[in-house]
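Examining the three-dimensional arrangement
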Amino acid sequence: DNCKFEFDMALRRKGVEKIIVMVLEPSCRNQNSWKHTVGGKLGGLLYIDMSSNEDSLEFEEGVQRLVKTIRDMAGAPQKLPAAAGVSHPQPSHPQCSHPQQQLPKEVAEQLATVEAPPTEPTILLKQLSVDQVCNLLHSLEMGNYAAGCREQKVSGRKLELMDNEDLAECGVGLKIDRKTLLSYVQEYVADGVPLSKIAETKDAAPASDEKENAVAATTAEGGSNEALTKNAADKMYTKVSAADDLNDATDTAETKDAAPASDEKENAVAATTAEGGSNEGPAQDLEPSEGDPLSATANHNLPGAGINKFALAEFLASGGVEFTGSDREYGFVRGQQLSKEQPYFEVTIVVDREDGIGIGLCGNKVMSGAMPGWPAYPSIGYHSDDGGLFQGRNYGMPFGPPCHAGDRMGCGVLFSAGGVAETVVFTKNRELIGWVPLPASGMLFPVVASAAPAVANLDLKAELPSFPPACWVKTGTAEAIAFSNLALAVASAKDGDIVTANGGVHAFNKGLAVTRSITICGVEGKELAAEPELRGGEDFVIDSKGIKVRLKGLSIKSFGGDKSAGWEELGGAGGVCARQGSITIESCKISSQNGTGVVSTLLCQLHASHTNVGPCGRHGIVFFAQGKGGIFAPGEGSVETSRNDRGVQLLDGVTVRDCEEVGVAVNPPKGSKGSVTITGCSVEACKDGLVVHPAKVTLQSSSFVGCRRNAIKAFRAAGHMAGLACEVQCKECTIKDCPMGLRAEGGGGVAKIGWDNSNTIQECITSFACEEGGVIDQHTEPSGEESEYSEYSESSGG
């Protein structure tokens with residue numbers, strides 16, 4: 001597409017500030033309808049409306065404005081006659097297509113004949129110090145806001161990046177003043193700031209002792225981009241003229257047929273896609289070519305050395321990088337492949353916005369227009385705006401703290417003794433955040449990107465901080481073996497082994513499958529202050545398929561948003577799934593942002609004690625679940641297998657709170673039965689506290705508080721096997737502040753809740769409800785005999 005090629009070339013060589021935007025069609029006046037690169041680059045600029053009829057006053061005014069804009073931009077003298085007549089509202093015109101036209105005759109005539117005195121010298125807005133910004137406000141008759149801007153240390157570069165909310169935080173209270181100031185900023189970004197506007201005024205505050213060393217450029221063109229403008233207080237930097245040569249080296253493949261650049265070419269960097277920077281093209285192979293001046297053998301004192309590909313980024317005299325992407329275009333740089341000798345790099349944020357900077361690793365292919373970890377290309381990334389970990393998705397998993405200006409974000413790879421890359425680590429200010437299994441063996445290239453204009457210092461030769469091991473595996477009396485991530489340790493453990501996880505975040509993209517009878521626990525006398533946090537982004541964080549699995553002293557958090565096949569009714573991703581054998585959970589914290597905390601299937605015994613479950617996006621704990629769509633192997637979930645009672649499931653001292661649906665669900669599939677004992681438990685702030693469906697549940701010394709619908713519900717759906725009933729026996733239990741205390745629904749069978757005088761119900765709208773054969777027995781003490789399901793018949797009355 002030659003038009004797009006020329007447009008992208010103009011952006012790179014001249015920059016957005018050298019583009020004049022004219023609208024020739026009435027339908028294009030709404031800038032929100034401008035799409036892709038045009039909308040991203042030009043959507044925020046003021047345009048010249050030339051869509052009216054050529055004999056109208058509006059068109060004449062547009063011509064004169066166009067002439068003035070061209071002369072201002074070119075630095076030529078000007079003397080424009082005032083527009084005759086009175087301004088009128090623009091008439092409404094039907095949408096039409098104008099044929100391509102030559103430059104209007106009026107424009108050509110005025111360009112040829114009009115003369116005026118030379119324009120005033122200017123300085124780039126980004127070069128202004130804090131004091132000069134305050135002087136500028138005084139010259140614009142907004143001096144009453146100077147104190148607030150001085151307090152926030154607003155320099156010219158910061159002023160360029162500020163929006164309406166930012167100005168309000170600096171004390172610009174009037175909306176009209178904020179709007180006016182933003183319009184001035186837009187004008188000064190394009191044309192530069194006249195030197196007379198920043199001259200010291202009598203009312204201006206005296207300059208600080210640590211005055212910034214900005215040097216005003218005084219050329220008629222509006223300021224040189226090579227002026228020395230290092231700003232100590234606000235950490236401002238200028239571009240290096242040598243970046244032109246660096247850009248040309250990486251642009252060779254794209255600009256082979258382009259006209260040679262002018263002597264005063266801009267320092268914009270070529271994008272890496274086949275169409276010259278579009279964020280919609282496929283990922284490109286970016287292996288450095290032979291003789292690349294940015295290869296590993298380059299002079300590392302030169303800004304950008306050690307970087308082999310970059311786009312929408314400019315190298316600075318300080319050695320840092322200025323990201324120039326905006327909206328849907330993201331600037332990035334990619335460094336040389338990490339190795340055992342150089343396994344780590346750091347990024348120090350100098351100037352940023354809330355959109356965030358992302359750092360991480362990628363493979364041979366990278367793509368402009370995407371942050372690290374997005375699905376556009378294979379990568380993993382840690383983002384500064386929300387502290388999220390991204391790996392192949394457009395949404396991130398909460399991982400670490402957010403980062404802001406002044407913070408150092410680090411990323412490294414841990415190698416085995418034999419030189420095999422195993423684990424990715426991320427840091428903030430050289431403090432470890434956590435460990436992530438390396439997604440792919442070739443994903444070793446540092447990548448840094450920004451979703452908005454930002455400045456960062458890159459250190460591709462940073463020293464890897466010293467970290468303790470992620471975990472250890474101990475077999476019997478043998479010495480424990482250290483591992484760099486928990487997935488490696490679990491995969492290597494044998495039956496009877498103890499896997500000890502260190503404090504910090506252990507993150508997994510798709511969960512941790514446990515297939516051996518092992519114990520996974522936290523460290524006693526931890527080396528790190530934080531407890532071990534196991535976090536997963538899809539499926540279950542812990543997926544137990546072993547004979548006997550024990551979890552102790554762990555924080556398990558699921559942040560997945562996908563509903564994997566077979567678990568739709570459970571909300572998809574979850575914390576712990578006990579599929580086979582038995583699982584014991586002790587002193588753990590389990591939550592699931594979008595799914596269920598703990599799931600126990602028909603083929604597993606679950607014992608949980610002194611554990612907190614919640615918040616959860618669906619249910620807290622589900623007993624006797626059976627998935628669909630191939631979750632189990634053939635026969636594992638059949639009626640024949642599940643008819644056998646799997647023994648008593650146990651909850652002891654468990655707290656379940658803040659679940660969107662059911663706190664504890666005992667729900668065997670059709671034709672199945674099971675027993676659960678719940679002792680000393682608390683269920684709080686769930687939609688339903690306990691829901692039981694043909695099974696036997698014994699409740700002892702437990703409480704249900706603040707449920708939004710039913711505290712306890714027992715029901716037997718029609719169609720279940722004859723002789724199977726639903727029974728809940730309660731002893732010394734409390735229900736408080738729920739719309740419905742107890743609900744029993746027979747559904748053609750028997751559903752019974754035993755509620756003697758040792759139990760209490762307080763502050764409920766309705767205490768009891770019985771429907772279709774449901775039974776609530778308030779008067780009979782439990783006999784102490786084991787009740788068989790057959791003692792209740794389908795014909796029992798309510």
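How each quantity is defined
Every chain is numbered independently, its residues counted from 1 as its sequence is written. Restriction of local features to residues with pLDDT of at least 70 applies here, the model being predicted, together with a cutoff of 80 or more for giving and counting side-chain atom pairs; totals for whole chains, interfaces and linings are based on all residues. Only hydrogens and water are set aside when side-chain values are computed; all heavy atoms of the structure are taken into account. The way it works is that DSSP assigns letters per residue, a run of H or I at least four long becomes a helix, a run of E at least two long becomes a strand, and they are numbered from the N terminus. For a helix, the expected span equals 1.5 Å multiplied by the residue count minus one. Any pair of residues with heavy atoms lying within 4.5 Å of one another is described as a contacting pair. For salt bridges, the criterion is a side-chain nitrogen of Lys or Arg within 4 Å of an Asp or Glu carboxyl oxygen. A 1.4 Å probe rolled over the protein chains alone gives each residue an accessible area, and that area as a share of the maximum for its type sets the label: buried under 20%, exposed over 50%, partly exposed in between. Only centres within 6.5 Å qualify two rings of Phe, Tyr or Trp (six-membered ring in Trp) as a pair; their planes then separate them into stacked at under 30 degrees, edge-to-face at over 60, and tilted for everything else. In this scheme, the term charge over a ring applies when either NZ of a lysine or CZ of an arginine sits within 6 Å of the ring centre and within 35 degrees of the ring normal. Note on pairing: two strands pair once DSSP finds at least 2 bridges between them. Where helices are involved, their axes are fitted lines through C-alpha atoms of the stretch in contact, as for all axes, and angles between N-to-C directions lie from 0 to 180°.

1. Describing helix 9 (residues 175–191)
The end-to-end C-alpha distance of helix 9 is 24 Å, a good match for the 24 Å that 17 residues give at a rise of 1.5 Å each. Where the residues of helix 9 are buried, they touch helix 5 (130–139), helix 7 (156–161), helix 8 (164–169) and strand 4 (193–194). One or two residues past the end of helix 9 sits glycine 192, with phi positive at roughly 90°.

2. Points about the pattern of salt bridges
The full count for this structure, using the stated rule, is 18 salt bridges. A salt bridge links aspartate 131 to arginine 150, with the shortest nitrogen-to-oxygen separation between them at 2.5 Å. Placement of the pair is aspartate 131 in helix 5 and arginine 150 in helix 6 (residues 146–151), with a sequence separation of 19 residues. Taking relative accessible area as the criterion, aspartate 131 reaches 8% and is therefore assigned buried.

3. Structural notes on the packing of aromatic side chains
Using the criterion set out here, one finds six aromatic pairs in the structure. Both rings, one in tyrosine 382 and one in phenylalanine 399, keep their centres 6.0 Å apart while their planes meet at 75°; by these two values the pair is edge-to-face. Of this pair, tyrosine 382 sits in strand 13 (residues 379–383) while phenylalanine 399 sits in the loop between strand 15 (397–398) and strand 16 (408–415), placing them 17 residues apart in sequence. You can call phenylalanine 399 buried: its relative accessible area is 4%. Through successive ring pairs, a cluster of aromatic residues spans Tyr382, Phe399 and Phe426. Above the ring of phenylalanine 445, the side-chain terminus of arginine 334 is found at 4.2 Å from the ring centroid. It is lysine 713 that lies over the ring of phenylalanine 715; its NZ or CZ is 5.1 Å from the centre.

4. With respect to the pairing of strand 40 (residues 662–666)
Burial within strand 40 is extensive, with five of its five residues counted as buried. With three bridges connecting them, strand 37 (residues 621–625) and strand 40 associate as parallel partners. Looking at the pairing, isoleucine 621 lines up with valine 664 of strand 40. Looking at chain direction, strand 40 and strand 43 (residues 688–692) are connected through four bridges and run parallel. What sits directly across from alanine 665, in strand 43, is valine 691.

5. Let's talk about the sheet that holds strand 43
Hydrogen bonds between backbone atoms are what pair the strands of a sheet, whose relative direction is either parallel or antiparallel. If you trace the ten strands from one edge of the open sheet to the other, you get 25-28-31-34-37-40-43-46-49-52, paired in parallel fashion. Across the chains shown, the open sheet's two edge strands, defined by having one partner strand only, are strand 25 (512–514) and strand 52 (766–771). Across the sheet, the mean angle from the axis of one strand to that of its neighbour is 10°, orientation sign disregarded. As paired elements, strand 25 and strand 28 (residues 540–544) share three bridges and run parallel to each other. Residue valine 514 lies in a different strand from strand 28, and its bridge partner there is serine 544.

6. Focus: unusual backbone geometry
Backbone torsion omega between glycine 614 and proline 615 reads 0°, so that peptide bond is classified as cis. In this fold, proline 615 is placed in strand 36 (residues 612–616). Positioned with a positive phi, aspartate 658 is a non-glycine residue whose angle comes to about 60°. Residue position: aspartate 658 is located in the loop between strand 39 (655–657) and strand 40. Judged by relative accessible area, which is 39%, aspartate 658 ranks as partly exposed. Backbone geometry places glutamate 732, a non-glycine residue, at a positive phi of 55°.

7. Thoughts on the side chain of aspartate 407
Mapped onto the secondary structure, aspartate 407 falls in the loop between strand 15 and strand 16. Filtering out sequence-adjacent residues up to four positions away, aspartate 407 remains in contact with Val347, Thr348, Ile349, Pro402, Lys428 and Asn429.

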